[in-house]
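# A look at the structure
Each chain, written out:
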Amino acid sequence: MASKVAVVLVMLYLSGFTCGIRLDGNGYTDILIAINPAVTEDPLLLERIKEMVSDASSYLFQVMNNKLYFKDVTILVPPKWTGKYSSANTETYEKANIIIDEPNKFNGNDPYTLQYGECATEGRYIRLTPDFLKRDELIQFYGPRGRVLVHEWAHLRWGVYDEYDERKPFYTDNGKLEATRCTKNMTGEWRSIPSGAMCTPTNINGKPNDCYFIPHKSQTAKTSIMYLQSIDSVVEFCNKKNHNTKAPNMQNRKCGGRSVEEVIFSSSVDSQYIPSSSLPSPSPEPTFSVVQRQQRVVCLVLDVSGSMGGQRIVRQRQAASLFLKQIIEDQSYVGIVTFHSTASVLKPLTLIDNLKIREKLADSLPTNPNGGTEICQGLYKGLEFLTDGESNSPINCVNNAIASGATVHTISFGPSGDKLMEEMSEKTGGKFFYAGDTLNSNELVDVFASLTTYDGDPTQQTIQLESLGFTVSGSGLFSGTVSVDKTIGNYTAFLILYEHSPPPTILVESPSGQKYNTFKPDPQGNSLTLNIPGTAETGKWTYTITNNGQAQTMSITVTSRAVSANVPPVTVKTHMNQQSSNGAKAMVFFAAVSQNGLPVILADVRATLESDAGDKQEMDLLDNGAGADAFRNDGIYSRYFTRMKGGKYNLKVRVQNGYGKARFSLKRRSGAMYIPGYVVDGKLELNPPKPSVGEEDLVADVGIFSRTAIGESFTVNLPPGVPATKFPPNTITDLNAELVKDRVLLTWTAPGEDLDQGTASEYDIRYSEDPDVLRSNFNNAHPVNSSNLLPSESGSSEQLSFAPTMRNGTTLFFAIKAVDNDMLSSETSNLAQVTKVIGYIESPGNGVNMIAIYISIAMVAIVGGLIVGVTMTARKRKRTLQINPPVVFRSKITGHSIEWVRLY
């Protein structure tokens, strides 16, 4: 018999949040590590995971002053592993905090953390590879595994960021070239890779050259873990006293110049719960459990009471039929329970192993509602499938559900819901959905289509390509297209739902012109289904639906699966930052578009929000690194939701690459820095280079595609008539400054009137030589005249050029606040900086001997320091050589006075 691991789906007037990490005293519990099915079974891998976590726990204990450690960890192994493992309960791959997966063609073996939100917001998961855990030679690339895990844990749990920056690896501070790091006490040398020669970092076409800051292997600096945790002396996070606020890294940009330690203790999810007292050394050892999921067991608990009269019982049959025919995975067990005032078993647990079984279960779905509504009776009868008929009292539904080990997903169908069921979903790690009982939204079908369990293998998932509701007149028709891309095509199905008989006439045409018009009818469920045999053709499929009777509402749903087990499909996962809101804090919507971990960027992503009161809003989700979006071009599309009204809401996301512009992102995730080498006793010891990935290799794999996905439902608790909260413009986090001749060019992304919605009214732009003035006393900094700059719509590119008075060798810092019509001001933006440096070489004669000048430059480098920028002026002609960013030094060559200062 199958394991008692199951999902109980309660389908009625009902209403989840997945269980996660907890801090129990000084110890973290409920940490879940999941191994991807693609990973080969290996006892060594399990031992290395345990070693890494134990080492990380000891290191975390040390760096957090004996206050925190890892208490208990569960490792979820793939279903196909053959060893003897305990049975999993509610643990699933998609709930994992740490994922062990094979390297993909871009990220390779880089450890990284997927981060979505703002500073101090928890990340989604840490990703490690089997090679990282088993190949000891990789330790020299990233540092000891336990230290790397603590670095990633800070991303995941506390929402802090890296203190290095591959795009801006250097900057100038008071005329001195500095590597982007925290703290500046970390010493090293600028070396060319692979030659090892001393070098000067420069920007060529906006990108750093092959000159790297190589740290000394022997250090005394204790900070920082978010910069270079691999150094033996590093045992601290940066704090307020030693934090490098001038470094142009993500930590400063996203967290307003605050140190990692400040964020942990003032803003993170643990900030109020970290114990004040320390434990005695050594740290307690973590405990480990290794578990395995067996076949999935699903019980549909369906309401057939009188409240399901009219079209509701039909909608239930339509949605449940789709689930049984297309969504539930092969080799799963499914049972069906119905309830009204009492409950009964409609179908016992049945193994899903062929299409006939699926259709037989679908045909048995109920159609006749009657009687009262006793939710707990239905739930108790469903739980009997999991408890071998043990006599638990149905009086306390929540306790029974928790004790069963089941995950309860609940759906609120109609205008009201039962709080008991919402609580049950939350406490069992289930999900809450609201579904309207009208067909034009197609919400109930979307909910059932989303209830697929992801075990880490995307090729086994059913992908929703289209979900659309529409109204057709008496003799009208509706037509459209849906794209089948090269990553999908198997088990492709078209489902048409309608309200009234006679059913509509449908014609589906493939890209090559083959016509399909024979649909399998379900008169009791008002549905028509077309299953495309074999693998569906790649390209645009067209459909035409002609009504044959009175005007009515219809819907179309198209689903498919991966074209093969070797080709993972493009997938979309969507969620929001909170499941309920009182209006005081804006909600953020996210849609992650990827193919097997590779981010897909430049797609068209549109979110639709619909409340139980019929309020409908649409907005484009953006991947521009501004507003609600944390990182530009990382495949995570985001937007704030500000125009709130009270009620329950559904989120639906549609993703398209209709014009073929989407491609894979080359952007690196937040994670431990790859170390190219160390300087040991003055000599450079290089590590092997990472494999390079050409952009052409990534672009080639993205084609025309369309996807539809929904998130969990959420609730806005605003009393009727109470207006939504008025929000200020969002904080600008991508301000950039560049010195062009004698003018400063500022560029940034426009915020909105309310966060990233609408258009702001004006900008307040200021500068100072002291960055702390801008952060702590913005109004006392020097203002920039921006009265002629009218803000553009949110998401637009903005720029302003002006000529401040600057002395040679000085650095100016810039910041912006945006203001709306109500004079609400955004927080201070990230700081941008420029340094003005001018140098002259006066040469006698009528021309310039460029070879002599280059020799002179080399001499200056030897005598005076590093050369990084120079302007050369001759009597009759000028030549300019720019290498950024320069440092300040003076020297004399062949009697000519030369002053070297910062030049952009």
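One structure accompanies this document, and this report is about it.

Reading the values: rules and limits
- Residues numbered from 1 in each chain as written.
- Predicted model: local features only at pLDDT ≥ 70, side-chain atom pairs only at ≥ 80, totals over all residues.
- Heavy atoms only, no water.
- Buried < 20%, exposed > 50% of the residue type's maximum accessible area, 1.4 Å probe, protein only.
- Helix = DSSP H or I, 4+ residues; strand = E, 2+ residues; numbered from the N terminus.
- Arc of directions from axis to C-beta.
- Pairing = 2+ DSSP bridges.
- Core = buried A, V, L, I, M, F, W, Y, C linked by side-chain atoms within 4.5 Å.
- Contact = heavy atoms within 4.5 Å.
- Phe/Tyr/Trp six-rings, centres within 6.5 Å; stacked < 30°, edge-to-face > 60°.
- Lys NZ or Arg CZ within 6 Å of the ring centre and 35° of its normal.
- Salt bridge = Lys/Arg side-chain N within 4 Å of Asp/Glu carboxyl O.
- Polar contact = N/O pair within 3.5 Å; in protein donor to acceptor, adjacent residues only side chain to side chain.
- Axes fitted to C-alpha atoms, helices over the stretch in contact; angles between N-to-C directions.
- Parallel < 35°, antiparallel > 145°, perpendicular 65-115°, else oblique.
- Nonpolar A, V, L, I, M, F, W, Y, C, P; charged D, E, K, R; others polar.
- Disulfide = S-S within 2.5 Å.

The element helix 13 (residues 443-450) is largely enclosed, with a buried count of seven among its eight residues. Residues of helix 13 that are buried: E443, L444, V445, D446, V447, F448 and A449.

Take helix 12 (residues 419-427) next. Within the sequence span of helix 12, burial applies to M421, M424 and S425. Buried positions in helix 12, seen along its axis, are confined to an arc of 95 degrees and lie on one side of it.

Spatially, 24-30-26-27 is the arrangement adopted by the four strands of the open sheet, whose pairing is antiparallel. At either margin of the open sheet sits one strand with a lone partner, and together these are strand 24 (477-484) and strand 27 (515-516). Examined bridge by bridge, strand 24 and strand 30 (residues 539-546) share eight bridges and lie antiparallel to one another. Pairing of S483 across the sheet is with K540, part of strand 30.

With 75 residues, the main nonpolar core has Y28, I35, W158 and F237 as its most contacted residues. If you tally residues by element for this core, the top one is helix 1 (residues 43-63), at nine residues. The residues touching F237, leaving out its near neighbours within four places in the chain, are V63, M64, V150, A154, W158, T223, S224, I225, M226, V260, E261 and I264. One finds M308, I352, F433 and A449 within the second-largest nonpolar core, a separate group that totals 34 residues.

One pass over the full model with this rule turns up 26 aromatic pairs. Look at F170 and W190: their rings are 6.2 Å apart centre to centre, the planes differ by 85 degrees, and that puts the pair in the edge-to-face class. Of this pair, F170 sits in strand 11 (residues 170-173) while W190 sits in strand 13 (residues 188-192), and the two are 20 residues apart along the sequence. Judged by its relative accessible area of 7%, F170 is buried. For W190, a relative accessible area of 9% gives the class buried. Between F641 and Y649, the aromatic rings sit 5.5 Å apart at their centres with planes inclined by 65 degrees, giving edge-to-face as the arrangement. There is no split in this pair, since F641 and Y649 are both buried. Counting every residue linked through ring pairs, the aromatic cluster contains F132, F141, Y142 and Y674. Its end group placed over the ring of Y678, K217 keeps NZ or CZ at 4.0 Å from the ring centre. Its end group placed over the ring of Y491, R561 keeps NZ or CZ at 5.0 Å from the ring centre.

Moving on: the pattern of salt bridges. All told, the structure shown has 35 salt bridges when counted by the stated rule. R639 is the salt-bridge partner of D756, the closest N and O atoms lying 3.6 Å from each other. Here the residue D756 occupies a position in the loop between strand 46 (743-749) and strand 47 (762-768), and R639 occupies one in strand 38 (residues 636-641), the gap between them amounting to 117 residues. For R639, a relative accessible area of 11% translates into the label buried. Among the ionic contacts, a cluster of salt bridges with common partners joins R48, E51, D136 and R145.

Another aspect to go through is the pairing of strand 37 (residues 616-620). With burial as the criterion, only one face of strand 37 is covered, namely that bearing Q617 and M619; the residues K616, E618 and D620 on the opposite face remain uncovered. The pairing of strand 36 (residues 604-611) with strand 37 spans five bridges and is antiparallel. Its bridge partner lying in strand 37, L609 is registered against Q617. Linking strand 36 to strand 37, which pair antiparallel, is a turn of four residues; within it G614 sits at a positive phi near 90 degrees.

Among the structural elements, N624 can be located in the loop between strand 37 and strand 38. At 3.1 Å, the side chain of N624 forms a polar contact with the backbone nitrogen of A626. Dropping the residues within four chain positions of it, N624 is found in contact with D629, R632, T749 and G795.

A few words now on the packing of helix 1 against helix 4 (residues 145-158). Relative to each other, helix 1 and helix 4 sit at 70 degrees, their axes nearing to 8 Å. By the angle class used here, helix 1 and helix 4 are roughly perpendicular. Together, R48, M52, V53, D55, A56, Y59 and L60 of helix 1 and R145, G146, R147, L149, V150 and W158 of helix 4 make up the contact between the two elements. Of the residues in the contact of helix 1 with helix 4, the class split is eight nonpolar, one polar and four charged.

What follows concerns the state of the cysteines. According to the stated counting rule, one finds three disulfides in the structure shown. Across a sulfur-sulfur distance of 2.1 Å, C119 and C255 are joined as a disulfide pair. Linking C119 and C255, the disulfide has an S-S dihedral of approximately 100 degrees and is accordingly described as right-handed. One end of the pair, C119, is in the loop between strand 9 (112-114) and strand 10 (125-128); the other, C255, is in the loop between helix 6 (250-254) and helix 7 (260-266), and 136 residues separate them in sequence. Given a relative accessible area of 14%, C119 falls into the buried group. Residue C255 is classed as buried on the basis of its relative accessible area of 3%. Shown here is the disulfide that connects C182 with C238, its sulfur atoms set 2.2 Å apart. Residues C182 and C238 are joined through a disulfide that is left-handed, its torsion about the S-S bond being -120 degrees. With a gap of 56 residues between them, C182 in the loop between strand 12 (176-179) and strand 13 and C238 in the loop between helix 5 (225-228) and helix 6 connect regions that are remote in the sequence. Using a relative accessible area of 0% as the deciding quantity, one classes C182 as buried.

A few words on the pairing of strand 26 (residues 505-509). Of the two faces of strand 26, the one lined by I506 and V508 is fully buried and the one lined by T505, L507 and E509 carries no buried residue. Here strand 26 runs beside strand 30; their pairing, made up of five bridges, is antiparallel. Paired with E509 across the bridge in strand 30 is T542. The pairing of strand 26 with strand 27 spans two bridges and is classified as antiparallel.

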